Amino acid sequence: MTARRSARMDPLTLEVVELIGSVVSRYYQEYEEAASRHGLTGAQARVLSLLTLEPLPMRQIAQRLKCEPSNITGIVDRLEGRGLVERQPSPGDRRVKVAAPTDEGIRVAHGLRDSLDFAREPLAGLSREERTAFRDLLRRMLGVD
């Protein structure tokens, strides 16, 4: 058995993997519940949250969320119908439409983000050094600089 395979099978590694799975599951559960309290599906909330970072064309939204562009069109249609998102000409290419949050969409997205306490509260119990080390380990695991 290779050293890499044995590291994947050791009890500590297996426990860490299970804990990561539990964290992800609890985060998504809380995210879906928070979205529902704001009258959104989880997918709508993810699109709206992404758009608060920058307006994007449908294709880029789909790429970032790893789903089909046709699904994004339907989600944006529903968000637009609620006055949370609007389609605008792209500043770089007026032939392309981007989805951008309205002021109400930004307010809802911030309310959604503020209601996600699952990770924020336990992280607040860690020292700044512990949070920094945890962040650095997560970045290393994800291959992010």
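Here, every reference points to the structure presented above.
Throughout what follows, the structure given in this document is the object of discussion.

Reading guide: rules and limits
- Residues numbered from 1 in each chain as written.
- Predicted model: local features only at pLDDT ≥ 70, side-chain atom pairs only at ≥ 80, totals over all residues.
- Heavy atoms only, no water.
- Core = buried A, V, L, I, M, F, W, Y, C linked by side-chain atoms within 4.5 Å.
- Buried < 20%, exposed > 50% of the residue type's maximum accessible area, 1.4 Å probe, protein only.
- Helix = DSSP H or I, 4+ residues; strand = E, 2+ residues; numbered from the N terminus.
- Salt bridge = Lys/Arg side-chain N within 4 Å of Asp/Glu carboxyl O.
- Contact = heavy atoms within 4.5 Å.
- Phe/Tyr/Trp six-rings, centres within 6.5 Å; stacked < 30°, edge-to-face > 60°.
- Patch = residues over 30% accessible without salt bridge, like charges linked within 9 Å, V, L, I, M, F, W, Y side chains within 5 Å.
- Areas by Shrake-Rupley, 256 points an atom, 1.4 Å probe, with all protein chains shown as cover.

### Re the nonpolar core
Soluble globular proteins tend to pack their nonpolar side chains together in the buried interior.
Thought 1: Core analysis: the largest hydrophobic core is formed by 24 residues, its most contacted members being L40, V47, L48, I61, I72, V76 and L79.
Thought 2: Here this core takes 5 residues from helix 3 (residues 42–51), the largest share from any one element.

### A word on the pattern of salt bridges
Where charged atoms from two side chains of opposite charge approach closely, those side chains can pair.
Thought 1: Evaluated as defined, the whole model comprises 7 salt bridges.
Thought 2: Between D77 and R87 there is a salt bridge, and its shortest N-O distance comes to 2.6 Å. With a gap of 10 residues between them, D77 in helix 5 (residues 69–81) and R87 in strand 1 (residues 85–89) connect regions that are remote in the sequence.
Thought 3: We classify D77 as partly exposed; its relative accessible area is 38%.
Thought 4: By relative accessible area, R87 is classed as partly exposed at 28%.
Thought 5: The partner of E80 in a salt bridge is R87, with the nearest N and O atoms 2.4 Å apart.
Thought 6: If you follow the salt bridges from partner to partner, you end up with D77, E80 and R87 in one network.

### A short note on helix 3
Thought 1: Burial analysis of helix 3 places 8 of its 10 residues in the buried class, the great majority of the element.
Thought 2: When helix 3 is considered as a whole, its buried residues turn out to be G42, Q44, A45, V47, L48, S49, L50 and L51.
Thought 3: Buried positions along helix 3 lie against helix 2 (11–37), helix 4 (58–65), helix 5, strand 1, strand 2 (97–101) and helix 6 (103–114).

### Quick notes on unusual backbone geometry
One can expect most non-glycine residues to show negative phi and most peptide bonds to be in trans.
Thought 1: For K66, which is not glycine, the phi dihedral falls at a positive 55°.
Thought 2: Checked against the element boundaries, K66 lands in the loop between helix 4 and helix 5.

### Overview of the environment of R59
Thought 1: Positionally, R59 belongs in helix 4.
Thought 2: A C-alpha to C-alpha distance of 9.0 Å links R59 and S70, two positions 11 residues apart in sequence.

### Overview of the packing of aromatic side chains
Thought 1: Across all of its chains, the model carries 2 aromatic pairs by this definition.
Thought 2: An angle of 75° between the planes, with centres 5.9 Å apart, marks the rings of Y27 and Y28 as edge-to-face.
Thought 3: Accessibility expressed as a relative area gives 43% for Y28, which makes it partly exposed.
Thought 4: Taking the centre distance of 5.8 Å and the plane angle of 35° together, the rings of Y27 and Y31 count as tilted. Taken as a pair, Y27 and Y31 lie in helix 2 at a separation of 4 residues, close to a single helical turn.

### Brief notes about a nonpolar patch on the surface
Thought 1: The grouping of L12, V16, I20, V24, Y27, Y28, L123, F134, L138, M141, L142 and V144 at the surface amounts to a nonpolar patch, some 1,100 Å² of accessible area in total.
Thought 2: Elements with a contribution of two residues or more to the nonpolar patch: helix 2 and helix 8 (128–142).
Thought 3: The dominant element in the nonpolar patch, judged by the number of residues it contributes, is helix 2, at 6 residues.
Thought 4: For L142, the position within the fold is in helix 8.

Note that all results are geometric; they support no functional claim without further evidence.
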